[in-house]
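Descriptive structure summary
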Amino acid sequence: QVQLVESGGGLVQAGGSLRLSCAASGRTFSSYAMGWFRQAPGKEREFVAAISWNVYYGDSVKGRFTISRDSAKNTVYLQMNSLKPEDTAVYFCAFRLGTPSARYWSPSEIDYWGQGTQVTVSS
């Protein structure tokens, strides 16, 4: 019912910045929340940030990343500053139906996933 398309990933040097975008489409919906996870090879999918009526960040990105949205475009963004090599991962857009609060989400709570976009931070 919902398709999520991420963009904006790429290769950047440590200390640099990237902005990821995720556009939702495929249905008309009125109540939803969105966020971001990331996953490095051999590691579990890690919560990064979420936005609902509030915003919430994982400890590892707090103070460096900013999540925002454009509701008219059904799009969520992740501005990533002061990037570190340990930020290297595939970043996945996440979509939740209803009005869940932004908190430390579990992957099992996600209703729809994007295909992922690679972010590589070199040292």
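Cut-offs applied
Residues numbered from 1 in each chain as written. Predicted model: local features only at pLDDT ≥ 70, side-chain atom pairs only at ≥ 80, totals over all residues. Heavy atoms only, no water. Pairing = 2+ DSSP bridges. Helix = DSSP H or I, 4+ residues; strand = E, 2+ residues; numbered from the N terminus. Salt bridge = Lys/Arg side-chain N within 4 Å of Asp/Glu carboxyl O. Phe/Tyr/Trp six-rings, centres within 6.5 Å; stacked < 30°, edge-to-face > 60°. Lys NZ or Arg CZ within 6 Å of the ring centre and 35° of its normal. Core = buried A, V, L, I, M, F, W, Y, C linked by side-chain atoms within 4.5 Å. Buried < 20%, exposed > 50% of the residue type's maximum accessible area, 1.4 Å probe, protein only. Contact = heavy atoms within 4.5 Å. Disulfide = S-S within 2.5 Å.

Next up on the list: the pairing of strand β3 (residues 18-25). As judged from the 5 bridges shared by strand β1 (residues 3-7) and β3, these two strands associate in the antiparallel manner. Along β3, the bridge assignment pairs Leu-4 with Ala-24. Taken together, the 6 bridges between β3 and strand β8 (residues 75-80) define a ladder with antiparallel strand orientation. Bridge assignment links Leu-20 to a residue of β8, and that residue is Leu-78.

Another point: the pattern of salt bridges. In total, this model carries 6 salt bridges according to the counting rule given. Across the salt bridge formed by Asp-87 and Arg-64, the nearest N and O atoms sit 2.8 Å from each other. Here Asp-87 is found in the loop between β8 and β9 (89-97), whereas its partner Arg-64 is found in the loop between β6 (55-57) and β7 (65-70), with 23 residues between them in sequence.

Before going further, it helps to spend a moment on the packing of aromatic side chains. With the rule as written, the count across this model stands at 8 aromatic pairs. Ring geometry for Phe-47 versus Tyr-56: centroids 6.3 Å apart, planes at 40°, classification tilted. Here the aromatic cluster, defined as three or more aromatic residues joined through ring pairs, consists of Phe-37, Phe-47, Tyr-56, Phe-92, Tyr-104, Trp-105 and Trp-113. The ring of Phe-92 has Arg-45 lying over it, and the distance from NZ or CZ to the ring centre is 3.7 Å. Between Lys-62 and the ring centre of Tyr-56, over which it is positioned, the NZ or CZ distance is 5.9 Å.

What follows deals with the nonpolar core. In terms of nonpolar packing, the biggest core is built from 30 residues, with Leu-4, Met-34, Trp-36, Leu-78, Met-80, Tyr-91 and Phe-95 touching the most fellow members. Secondary-structure elements contributing two or more residues to this core are β3, β4 (32-39), β5 (46-51), β7, β8, β9 and β11 (117-122). Leu-4 has contacts with Cys-22, Ala-23, Ala-24, Met-34, Cys-93, Ala-94, Phe-95, Tyr-112, Trp-113, Gly-114 and Gln-115, leaving out every residue within four places of it along the chain. Counting residues in each nonpolar core, the second largest holds 8 residues, with Ala-33, Phe-37, Ala-50 and Ala-94 among its members.

Right, let's get into the state of the cysteines. The final tally for this structure, using the stated rule, is 1 disulfide. There is a disulfide in this structure between Cys-22 and Cys-93, and the S-S distance comes to 2.0 Å. Taking the sign of the torsion about the S-S bond as the criterion, the disulfide between Cys-22 and Cys-93, at about -85°, is left-handed. Of the two residues, Cys-22 sits in strand β3 while Cys-93 sits in strand β9, which places them 71 residues apart along the sequence. Classification of Cys-93 by relative accessible area gives buried; the value is 0%.

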